[in-house]
Amino acid sequence: MSLTLWNPESRSAPPRRSGMDDPGSEGRFGRFGGRFVPESLVPACEELERGFREAWADPAFRAALNQTLALYAGRPTPVTPAARLSAELGVTLLLKREDLAHTGSHKINNVIGQALLARRMGKTHLLAETGAGQHGVATATAGALLGLDVTVFMGERDMERQQLNVFRMELLGARVVGVSSGSRTLKDACNEALRNWVGAVDDAHYCIGSVLGPHPYPWMVREFQRVIGEEARGQCADLLTHGVPDVVVACVGGGSNAAGVFAGFVDTSARLVGVEPEGGAAVTFGQPGVLHGFQSYVLQDESGQILEATSISAGLDYPGVGPEHAHLADTGRASYVTMSDDEAVAAVSRLARTEGILPALESAHAVAWVLRAAGTADLPSGSTVLVNLSGRGDKDADQLARLM
Amino acid sequence: MSLTLWNPESRSAPPRRSGMDDPGSEGRFGRFGGRFVPESLVPACEELERGFREAWADPAFRAALNQTLALYAGRPTPVTPAARLSAELGVTLLLKREDLAHTGSHKINNVIGQALLARRMGKTHLLAETGAGQHGVATATAGALLGLDVTVFMGERDMERQQLNVFRMELLGARVVGVSSGSRTLKDACNEALRNWVGAVDDAHYCIGSVLGPHPYPWMVREFQRVIGEEARGQCADLLTHGVPDVVVACVGGGSNAAGVFAGFVDTSARLVGVEPEGGAAVTFGQPGVLHGFQSYVLQDESGQILEATSISAGLDYPGVGPEHAHLADTGRASYVTMSDDEAVAAVSRLARTEGILPALESAHAVAWVLRAAGTADLPSGSTVLVNLSGRGDKDADQLARLM
Amino acid sequence: MTAGPLEAHLRGRRDAGRALLVPYVTGGVTADWLDYARAYAKAGADAIEIGLPFSDPMLDGGTIQEASDRALSRGVTPGGLLEELSGANVGAPLIIMTYGNVVYRAGPEEFCKRLAEVGVAGLIMPDVPYDEVRGLSGAALAAGIELVLLAAPSTTASRLERIAAESRGFVYGVTVMGTTGERGALAESAGSVAVRLRELTTKPVLMGFGISTPAQAVEAAAHADGVIVASALMRRVIEGATPAELGADVLAIRQALDVPQG
Amino acid sequence: MTAGPLEAHLRGRRDAGRALLVPYVTGGVTADWLDYARAYAKAGADAIEIGLPFSDPMLDGGTIQEASDRALSRGVTPGGLLEELSGANVGAPLIIMTYGNVVYRAGPEEFCKRLAEVGVAGLIMPDVPYDEVRGLSGAALAAGIELVLLAAPSTTASRLERIAAESRGFVYGVTVMGTTGERGALAESAGSVAVRLRELTTKPVLMGFGISTPAQAVEAAAHADGVIVASALMRRVIEGATPAELGADVLAIRQALDVPQG
Ligand SMILES: Cc1ncc(COP(=O)(O)O)c(C=O)c1O
Ligand SMILES: Cc1ncc(COP(=O)(O)O)c(C=O)c1O
């Protein structure tokens, strides 16, 4: 059966400059994206798109966002040359340090953007889904900062596994609602958040945690994460003789940290590599489909039932992938590879010992690719490679201690 | 019995400019400080003092340190205006965000300085004591970064209570040695580290975690932490109409974060307030004494046996205090107050809910003082106050969850 | 566009003064699920909505989620359920309700063709709104499947106009800003959605979501052409009620609707 | 400065050709701890070092740490132990070993006066090196207490000179870069510390740290005027050996030292 979900030629789309631009009013990235939500939510998505377009064009909003990122969230995060590991691998390895951002990962960039936007749009409440709890904690944080109520939906199985993050969200004043349907994990939390949003659109903004969901989310979240790539672009220019690294690599769960860093380099000669977890590799092993409001590659069975992702890293445990990544894979502008759980764990340990940096298990997938590729045709000796270190590993220490 | 341990008039000391300067070759802060170590260690302390004086005067060393702090540790850390809490309290509250520094607290500033110095002095090994594990993790981090072996001494009781930090240190490649003597906590770990240093001075640098220990440590560690105060001074100048806050407040365990931030404001009109934990308040409840190589206020019984400190926050659980703080208390340039465990816990929760920042329990003591003092004569409405938020509270979530 | 057979059938009955009743059953919820559909038909259903279960039913409340989970854990597949429909002779026009991914996975052309083969008349996809459905309408048209669109209380006037114009079979008016699921009282929004739609189209307008009792059905049908009843029935199925008992439930609603109103 | 009584006593014996032996006991380690001291004296100790236990004995290895912990958990205090010494008539000059804080807490003047009152001759503070001891020497001098300084293998020539000049009673040569505690073999550094000190002073030079066996005592005394033996004895005390047994241990060392050396 061949799929012809979308014919880009037949639609009016804004001109593309680089492949990571405005996806137009229909939120299309090639044959992916769109707005697959119940009719009840369409007006909310349209309102959000309008709100975002206005805010994004408003220097005052940009200034407030930039100021909050700088004074509150700790931006810019540095780019760290990984001297000892570089020497061991024979390549120049740079690390974009999102692990140093407030709450410990790049997630904060997005939630601050969305929370400021929600406030501007007169919303008083934030809804969010969370898997391991990272995005939930980030949303609870942004809610506390701006005085917005926060409700976080979390699968009951995840709540059991991540009790500490539940406590953390509650400490930040958020209400955590357990989701008992389906596999009782992240994808079910997304469903539940969407269901809840339907009944609360007037006051509530649904704060999605990655480049997922109906238009304008994949685009908006990428724009809020673009700061990673823009900072890194300038920092690489300072650090590297050639200004631009040969390769830019990032882990891909939903794909927001990868989208953010790729956006800074998509118009350069840098190769872009997205690293999926073997157990949740939607680009690599998925088929085109529709989930949570968008068309993209999705892990699913023969009859279209969504499969559970099973990665060691909770933050990559998602059966879909942001539609723009599906498109970047289609066009070949970015390539997507998979790493195993064992490779990720080994990468945590290697980076900890050589550089004193404990990466999140998610981010360790990107490091793992460098460890595997260095010295091969994929990353020849002498290459320069920028890894987006999306988060810190403190959250994973418990799990790693049980594993190692 | 009156104590006349020291008569400052009788000694040659360098001229004091501000009260936080070079303590001279004998390491004296008024009647406190000194170098109370076994004769075997005196040459090592002298070598270290020489090494530090040379390095500190060497622009190349300063440049390497500054570069590492910037590119690796995430400096400068921002000063965040705490808008919502300020409004609630009627004062202008600024937070110096050491919680955003690599490894989650100000401890990294000091260990990077000492590790660079140790390498410069030809040492191949770092020794460190740790209580809850924060300084141990920081030292393990700096060791991994620079390729130095690290041995961390940790009381066996603390190892049981902080298994995750033990794992973290080991992941970073450090050897953690359990200490079974005495109360099997931090002070015993210090003893053991000093004992071990005696046998390893040629190759090993003892990396002390606060403004404690024999000269030159209290001075050197303060200098490595001075960056906090210097950054904050400039940042306050940008943020505040009067340039300088009315009060600068920090928690005091050994006193390094407080010393670091005070150093930036000691020559200004700012009042300096150090906040001790009720159960470990050496300045407030201690008597002059000698512990771990220096003279200062120490919690002790009638016959000079050292008492165990018992604070809810492991990082403040130390029966002594840096000698310079004892001196600042003597001269009145800084004042020292105590906060209870309950006040600290309440402050964690208040800051989390109003600003989306989960402070370390240690740092929460400083926040707690602001909560108590705001609107009183200690901190009248309309005042500006800078809190040094020395670290993040993720490490405490487990403990808080059990308490709350 | 001329009316398809489903729309013609419903128009005919509506124009004859009958309040339309479309009860729902989740395909595969039990081994004898088709008997529920047959019982509905016997009790006077004007059409029957059959849900093809999807793992991630974004617009469904707890009852239909549970029914879907039961069906999926029985190992049913969309293909297998459609196979069961083939020649089942339920006794009323059938409308398939399923989420977009089930359709896309099979391929819209193939899926619609297969629906037609097994005798299905209409298709509802709750997560494929007006804007996105356009990519599918060609396939549905080619296969003779009437694609039913939903209109919600939040739908703007201009959208409502287009939805009313492009929906086929009937227009599905969502009573409430929320998911499927029983509610104590009919949402206030129900009436206005119906009224707004009726002003725009002569197509049958059926209201659904949260219609649980005969009284609520009557209330919802007041400004519309009929009702869709789902969760209230599926709760009974989950509780173990037999096809005969469900038939009685539907009959009760049928009879309430048939009482001449005011 | 003229020699004090302790120094004079030790000089006298040394000059008579005797290798000096100073055994150690932790005050209060057992209820009958003074009997160990008496047994030492009877076995031929030239002086006896008595440890006043401190909670944080930075320069002590495991054995003396444990002895201190035992004494402290028996509830002893420095004041109480000194009280016990008063009039105890041990039979040899007594030297108190304790950490700086015990002295500072009491006040150096008061502490030294009290030592003198209870018949103590000397004082050793392992964590108060030459540079810091100056603040205390006035108090000691005034009370007639001889303040013994330590010299380590790492001590530089110029410091060694000053230490040799200012130490009173004797000079305590530390054999090894390490803590107190038994060791399998005498450190190589032991000899050179002794030789360097002997070149600088005619004061008695006693070596201590890690001297565990009669043979090690003989070896250590070869270049010095005598030895201090501590951990090896305290291990026996902790194991439960009686004062008589400890007396025998000290006697064995005494006898080995008394054998005329090559
Ligand atoms: C540290 C970290 N990295 C990566 C991810 C994956 O998300 P994304 O692919 O959207 O960057 C997560 C999600 O929780 C995360 O916490
Ligand atoms: C976050 C934090 N703050 C404060 C302290 C106390 O140390 P100091 O008083 O030296 O700043 C610690 C010690 O571990 C700490 O981890």
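Keep in mind the model is a prediction, meaning the values are calculated, not measured.

## With respect to the relation of the copies chain B and chain A
Aligned on chain A, chain B shows an RMSD of 0.0 Å; the corresponding rotation is 180 degrees and the shift along the axis is 0.0 Å. Taken together, the rotation and translation relating the two chain copies correspond to the operation of a two-fold axis. Closest approach to the rotation axis among the C-alpha atoms of chain B is made by B:Leu100, whose C-alpha sits 3.0 Å away. Taken as a fraction of all interface residues of chain B, those also at the interface in chain A reach 100%, which identifies the copy contact as same-surface.

## As for the interface of chain B and chain A
With 44 residues of chain B at the contact, the number on the chain A side is 44 residues. It is B:Leu71, B:Phe167 and B:Leu171 in chain B that bury the most area against chain A; as a group they hold 18% of the surface buried on that side. In this structure, the connection of chain B to chain A is made through two salt bridges. Its salt-bridge partner being B:Arg392, residue A:Asp394 comes within 3.4 Å of it at the nearest N-O pair. On the surface where chain B and chain A come into contact, there are 18 residue pairs in polar contact (both at pLDDT 80 or more). Of all the elements in the fold, those that place two or more residues in the side of chain B that touches chain A are helix H2 (59-71), strand S3 (79-81), helix H5 (134-146), helix H7 (163-171), helix H13 (341-355) and helix H15 (397-403) of chain B. Sorting elements by how many residues they give to the side of chain B that touches chain A places H13(B) first, with six residues.

## Notes on the interface of chain A and chain C
Taken together, the 43 residues of chain A in the interface contact 40 residues of chain C. Buried area between chain A and chain C, both sides added, is near 3,300 Å², and the carbon and sulfur share of it is 52%. The three residues of chain A that bury the most area against chain C are A:Glu39, A:Arg195 and A:Gln305, which together make up 21% of that side's buried surface. Inspection of the region where chain A meets chain C yields five salt bridges.

## Overview of the arrangement of the chains
Take the three pairs of chains in contact: the one carrying the most contacts is chains A and B. The closest approach of any C-alpha atom in chain B to one in chain C is 30 Å; the two make no contact. In this structure chain C stays clear of chain D, and the shortest span between their C-alpha atoms is 64 Å.

Rules used in this analysis
Residues numbered from 1 in each chain as written. Chains lettered and ligands numbered in written order. Predicted model: local features only at pLDDT ≥ 70, side-chain atom pairs only at ≥ 80, totals over all residues. Heavy atoms only, no water. Least-squares fit on C-alpha atoms with pLDDT ≥ 70 in both. Contact = heavy atoms within 4.5 Å. Buried area = accessible area lost by both parts, 1.4 Å probe. Salt bridge = Lys/Arg side-chain N within 4 Å of Asp/Glu carboxyl O. Polar contact = N/O pair within 3.5 Å; in protein donor to acceptor, adjacent residues only side chain to side chain. Helix = DSSP H or I, 4+ residues; strand = E, 2+ residues; numbered from the N terminus.

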